[in-house]
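These are the residues of each chain, in order.
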Amino acid sequence: MASVVLLRLCICLTQLLVFSVARAIPTSLSFNVDLIHRDSPVSPFYNPLETRFDRLYNAYNRSISRINRFMRKTYSKPVVQSDIAPSGGEYFMEISIGTPPVSVLGIADTGSDLTWVQCKPCEKCYEQRAPLFDPRKSNTYKNVPCWSNSCNALDSSYRVCEQKQNACKYSYFYGDRSFTKGNVALEKFGIGVSTRNQVSFPNLVFGCGHNNGGTFDYAGSGIVGLGGGPLSLIKQLGKSIRGKFSYCLAPPEAESTSSSSITFGTTATTKSNTNLESASTPLVDKDPSTYYYVTLEAVSVGDVRLAYGGSSSSSAARGKGNIIIDSGTTLTFLESEFYNSLESALEESIEAKRVSDPKGLFTSCFEADKDTSLPVITFHFSGADLKLQPWNTFAQVEEYMVCFTIIPANDIAILGNLSQMDFLVSYDLEERTVSFTPTNCTI
């Protein structure tokens, strides 16, 4: 079993989105996007000097960095609602902007709303590989005026009106004090940059960042917002995709012949899930609206069921909407008081010696070989049971050691992308539900 975990652990690492879409834009739009692991040999970000274990520990550090940005903190400047780990985005999206089109690579993130890219002229810009977008050379670029609906969709804390030019401006500060400032604008976006079937979307709202800094990844040009807020790409596509999108994360051993994918619009029957039941749970409306909240009622280790959010838990673990589903976080985080009970149940279920992670990062590790039996972990959401196989919850960190990839956190819980592998995860923002269907994501 540990050998299977080793083969599959890399799903938690960053991936690059490459689009494949239809040529025309019908009233009801549906198109697929292929995903490529950032650290796979076919990725432009591949580092041959890193081992599988290096990548896992790097993913751990990115997850820790990201969860800190989900939590509200007090700074001299406001922390934007669409918090993200700028240097640790788990996926990248290739799009084109403007007329003539300029190819842009941005962090695709379900934890952000406003899409923004670095723009010329720069007051200050971080180093990036690709040329910067120059709005002065685009025939379709338009600044958004003050007091327009698009400008007012920004929280008042993050927008500024430049009266002389009647130009709406944004100012975002992230949890690690990275920042982006610039103009709110309308522009033509192209999806399907690397294919012959590119689809164009006119007049999408985005941020043209002229002053950006911090820990952003030099490989990317900005952020593509896939969150639930009013200015996200998902919300702007709105009725054309019927408020629906889904993704399916494939095991990395199939990487050379197939890939993970994301679908905007109604999911096509291209995966091997037709004979399996989908389990659906309500999305919960909470502030900030960026994040996708659901309600976790219990967690089972094998047949041992543990109630989540009891009286001894923090207030964040109790009540509805107590966990966030996030494709941009690798690991899964659960409330620390509950985690103590989970850890005890885990230790009782595994007939193997408990050992310490030599790097001191993972909490629960065990001596293991290919014959070691690891338990199924079930997340009991409101109305939906998500049965996680060992490759969703354990990773091999050394030759004879596996560690539990669910870890404790204070005041927040997140279902990370490793726990979502080999499920078709479908969001319906009109019906306000998210569904999980066991799926062979390699087909």
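The structure presented is a predicted model; accordingly, all values stated were derived computationally and were not measured.

Draft legend 1. A look at the packing of aromatic side chains. One pass over the full model with this rule turns up 17 aromatic pairs. Ring plane angle 80 degrees and centroid distance 5.8 Å describe the contact between Tyr 158 and Tyr 172, whose orientation is recorded as edge-to-face. Within this pair, whereas Tyr 158 is found in the loop between helix H3 (149–152) and strand S7 (159–162), its partner Tyr 172 is found in strand S8 (residues 167–173), the two being separated by 14 residues in sequence. The pair Tyr 158 / Tyr 172 is uniform in exposure class, with both members buried. Note on Phe 189 and Phe 206: the rings are 5.6 Å apart at their centroids and 75 degrees apart in plane angle, and the pair reads as edge-to-face. Of the two residues, Phe 189 is situated in strand S9 (residues 179–191) and Phe 206 in strand S10 (residues 199–213); the sequence distance between them amounts to 17 residues. Judged by its relative accessible area of 0%, Phe 206 is buried. Taken together, the ring pairs in this structure connect Phe 133, Tyr 141, Phe 189 and Phe 206 into an aromatic cluster.

Draft legend 2. Fine view of the nonpolar core. Counting residues in each nonpolar core, the largest one holds 72 residues, and the members touching the most others are Phe 264, Leu 334, Leu 342, Phe 379 and Phe 381. In contact with Phe 381, other than residues within four places in its own chain, are Thr 281, Val 294, Thr 295, Leu 296, Glu 297, Ile 323, Leu 386, Leu 415 and Phe 436. In terms of nonpolar packing, the next biggest core, distinct from the first, is built from 22 residues, Tyr 293, Phe 362, Cys 365 and Cys 403 among them.

Draft legend 3. Representation of the sheet that holds strand S21 (residues 365–367) within the structure. Spatially, S20-S21-S25-S24 is the arrangement adopted by the 4 strands of the open sheet, whose pairing is antiparallel. The open sheet has two free edges, formed respectively by strand S20 (354–355) and strand S24 (394–398), since each of these has just one partner strand. Judged from the 2 bridges that link them, S20 and S21 form a sheet pairing that is antiparallel. Residue pairing across strands places Arg 354 opposite Phe 366, the latter belonging to S21.

The rules behind these values
- Residue positions are given per chain, counted from 1 along the sequence in the order it is written.
- For a predicted model such as this one, the threshold for reporting local features is a pLDDT of at least 70, and the threshold for listing and counting side-chain atom pairs is 80 or more; totals across whole chains, interfaces and linings nevertheless cover every residue.
- Excluded from the side-chain calculation are hydrogens and water; included are all heavy atoms of the structure.
- For Phe, Tyr and Trp, rings pair up if their centres lie within 6.5 Å, where Trp contributes its six-membered ring, and each pair is then called stacked (planes under 30 degrees apart), edge-to-face (over 60) or tilted (otherwise).
- Working definition: helices are DSSP H or I runs of at least four residues, strands are E runs of at least two. Numbering for both runs from the N terminus.
- Each residue's exposure class comes from its accessible area (1.4 Å probe, protein chains only) as a fraction of the maximum for that residue type: buried when under 20%, exposed when over 50%, partly exposed otherwise.
- The nonpolar core is taken to be a set of buried Ala, Val, Leu, Ile, Met, Phe, Trp, Tyr and Cys residues, with the residues joined through side-chain atoms within 4.5 Å.
- Whether two residues are in contact is decided by their heavy atoms, any of which lying within 4.5 Å being enough.
- We call two strands paired when DSSP finds no fewer than two bridges between them.

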